[in-house]
Amino acid sequence: MNELFEKLNITPKNLVLYERAFSHSSYANEHKEYESYERLEFLGDAIVDLVVADYLYENYTENEGEMTKVRASYVCENALYEYSMELGLNNYLKVGHGELGKDSTLMKAAIADIFESFCAAIYLDLGFATVRRVVLSIVSPYIKEGVKFFEDYKSALQEAVQTEKESVTYNLVGEEGPSHNKTFTVEVVIDGIVYGSGVAGSKKEAEQNAARVALEKLAI
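Worth saying up front: this structure is predicted, and the values here are computed from it rather than measured.

Conventions used here
Sequence positions are assigned chain by chain, starting from 1 and proceeding in written order. Residue-level local features of this predicted model are given only where pLDDT is at least 70; pairs of side-chain atoms are given and counted only at 80 or more, and the full residue set underlies all totals for whole chains, interfaces and linings. By convention in this description, side-chain values take in all heavy atoms of the structure and omit both hydrogens and water. Here a strand pair is declared whenever DSSP counts at least two bridges between the two strands. Helix numbers and strand numbers start at the N terminus; a helix is a DSSP run of H or I with at least 4 residues, a strand a run of E with at least 2. All axes here are fitted lines through C-alpha atoms, helices being fitted over the stretch that makes contact, and every angle between N-to-C directions spans 0 to 180 degrees. A residue's pLDDT is the predictor's confidence in that residue, given on a scale from 0 to 100. Working definition of a nonpolar core: buried Ala, Val, Leu, Ile, Met, Phe, Trp, Tyr and Cys residues. They are joined through side-chain atoms within 4.5 Å. Think of it in three bands: residues with accessible area under 20% of the maximum for their type are buried, residues over 50% are exposed, and the middle band is partly exposed, with areas taken using a 1.4 Å probe on protein chains only.

Describing the sheet that holds strand β3 (residues 193-200)
And step 1. Pairing is antiparallel in the open sheet, where 3 strands are placed in the order β1-β2-β3. Edge strands, defined here as strands with exactly one partner in the open sheet, are β1 (168-176) and β3. Put simply, the sheet's adjacent strands are angled 20° from each other on average, direction ignored.
And step 2. Of the strand pairs in this sheet, strand β2 (residues 183-190) and β3 are connected by 7 bridges, and their pairing is antiparallel. Residue Ile190 lies in a different strand from β3, and its bridge partner there is Ile193.

What follows is the structure in structure tokens.
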């Protein structure tokens, strides 16, 4: 991990925190001396949200609704996955034998998770000022360049069918995997007809994916 610390210009004090930040629950279950990253991820989620929200407040003049949409784009799973891959955090992820296998959806979710858990480890080890600097060094270039990680496909779909007053509903049709790493399949139904389905590590993301497929069909 020394290369990672040098890249971010940080000098860790408690390496145990960073080991934990990369330990998936499946790995922790097989190695009782390890604790999974889940608690760190919980804390890191709030930290990343705060840093991005503070940055947007200080640098942009949009109203609350617009800033909320922008923040959502840069803290969604796609964004967190990109940040992790840029830092090479995926190289440090520890998983149990065969738990994730080659399931790209679950693997993507885990790689996204460890960006947050890693940030929490930095915060607990070196304080808020350091983690703020690290988060902004990764995230702010994407914001400045206007990179879009997330589109509110559900809202766009609702607007697309609103003129005809068609109802749009999302039905959970599949749920697989252990409680700590589920995969959800959601179908979007418009006026009683299934227009698409989406799969993701959360219901919300699966709904967005289903809405995106429906929009593509409506555009044909």
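Structural notes on the confidence of the model for the chain
And step 1. In this model, the chain carries an average pLDDT of 88, and 91% of its residues clear a pLDDT of 70 or more.
And step 2. Per-element confidence in the chain is highest for helix α8 (residues 128-145), whose mean pLDDT is 97, and lowest for helix α9 (residues 153-162), whose mean pLDDT is 80.

Section: the nonpolar core
And step 1. In this structure, Val52, Tyr74, Tyr83, Leu89, Phe115 and Phe118 are the most contacted members of the largest nonpolar core, which totals 45 residues.
And step 2. Listing elements by their share of this core, those giving two or more residues are α1 (2-7), α2 (15-21), α4 (38-59), α5 (64-75), α6 (77-87), α7 (104-126) and α8.
And step 3. Ranked by residues supplied to this core, first place goes to α7 with 10 residues.
And step 4. Grouped together as the second largest cluster of nonpolar side chains are 8 residues, Val161, Val188, Ala210 and Ala214 included.

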